[in-house]
Amino acid sequence: QVQLVESGGGLVQAGGSLRLSCVASGDTFSRYAMGWFRQAPGKEREFVAAITWSGGATYYADSVKERFTISRNNAKNTLYLQMNSLKPEDTAAYYCAAASFIATMSGADEYDYWGQGTQVTVSS
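Residues numbered from 1 in each chain as written. Predicted model: local features only at pLDDT ≥ 70, side-chain atom pairs only at ≥ 80, totals over all residues. Heavy atoms only, no water.

(A) Structural view of the side chain of Thr78. Relative to the assigned elements, Thr78 resides in strand β8 (residues 78-83). For Thr78, a relative accessible area of 7% gives the class buried. Thr78 has contacts with Ser21, Cys22, Val23, Phe29, Ser71, Arg72 and Asn73, leaving out every residue within four places of it along the chain. (Helix = DSSP H or I, 4+ residues; strand = E, 2+ residues; numbered from the N terminus. Buried < 20%, exposed > 50% of the residue type's maximum accessible area, 1.4 Å probe, protein only. Contact = heavy atoms within 4.5 Å.)

Printed below as a string of structure tokens:
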């Protein structure tokens, strides 16, 4: 079992940047594929980005391609999401998630463990 704790959220103006972090504990971090999801008020949780166990492959939602970058440091048990050129529509609670076995990388139901979330608010 793995525990996940996100940090790095906050209030930023449109066009600005934030870097989210997710620290894992309790199990071998490199055993898990990792993903970022987000949920805005009144909306369903949606896929943002994912990365394979070794970090060799990454996947992005179309809405964040070319603006967000997912990465991981297995030696530090940490997942990152660098968010640039932020837009008001990026406002949401952002969650990191871990998956032992995964197929599509973008399905929330494929992930076994979730963090508590960190709020990102982008003002116009």
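(B) Expanded view of the environment of Arg72. Looking at where Arg72 falls in the secondary structure, it is placed in strand β7 (residues 68-73). For Arg72 and Val120, which are 48 residues apart along the polypeptide, the C-alpha to C-alpha distance reads 20 Å. Within polar-contact distance, the side chain of Arg72 engages the backbone oxygen of Thr52 at 2.9 Å. There is a polar contact of 2.7 Å between the side chain of Arg72 and the side chain of Asn74. (Polar contact = N/O pair within 3.5 Å; in protein donor to acceptor, adjacent residues only side chain to side chain.)

(C) Geometry of the pairing of strand β1 (residues 3-7). Residues Leu4 and Glu6 of β1 are buried on one face, while the alternating residues Gln3, Val5 and Ser7, pointing to the opposite face, are not. The pairing of β1 with strand β3 (residues 18-25) spans five bridges and is antiparallel. Bridging from a neighbouring strand, Leu4 pairs with Ala24 of β3. (Pairing = 2+ DSSP bridges.)

(D) Quick peek at the nonpolar core. Ranked by internal contacts, the top residues of the largest apolar core, which has 37 residues, are Met34, Trp36, Leu79, Leu81, Met83 and Tyr94. Broken down by secondary-structure element, the contributors of at least two residues to this core are β3, β4 (33-39), β5 (46-51), β7, β8, β9 (92-99) and β11 (118-123). The element that contributes the greatest number of residues to this core is β9, accounting for six residues. Those residues in contact with Leu81, other than ones at most four positions away along the chain, are Leu18, Arg19, Leu20, Trp36, Val48, Ala49, Phe68, Thr69, Ile70 and Tyr94. (Core = buried A, V, L, I, M, F, W, Y, C linked by side-chain atoms within 4.5 Å.)

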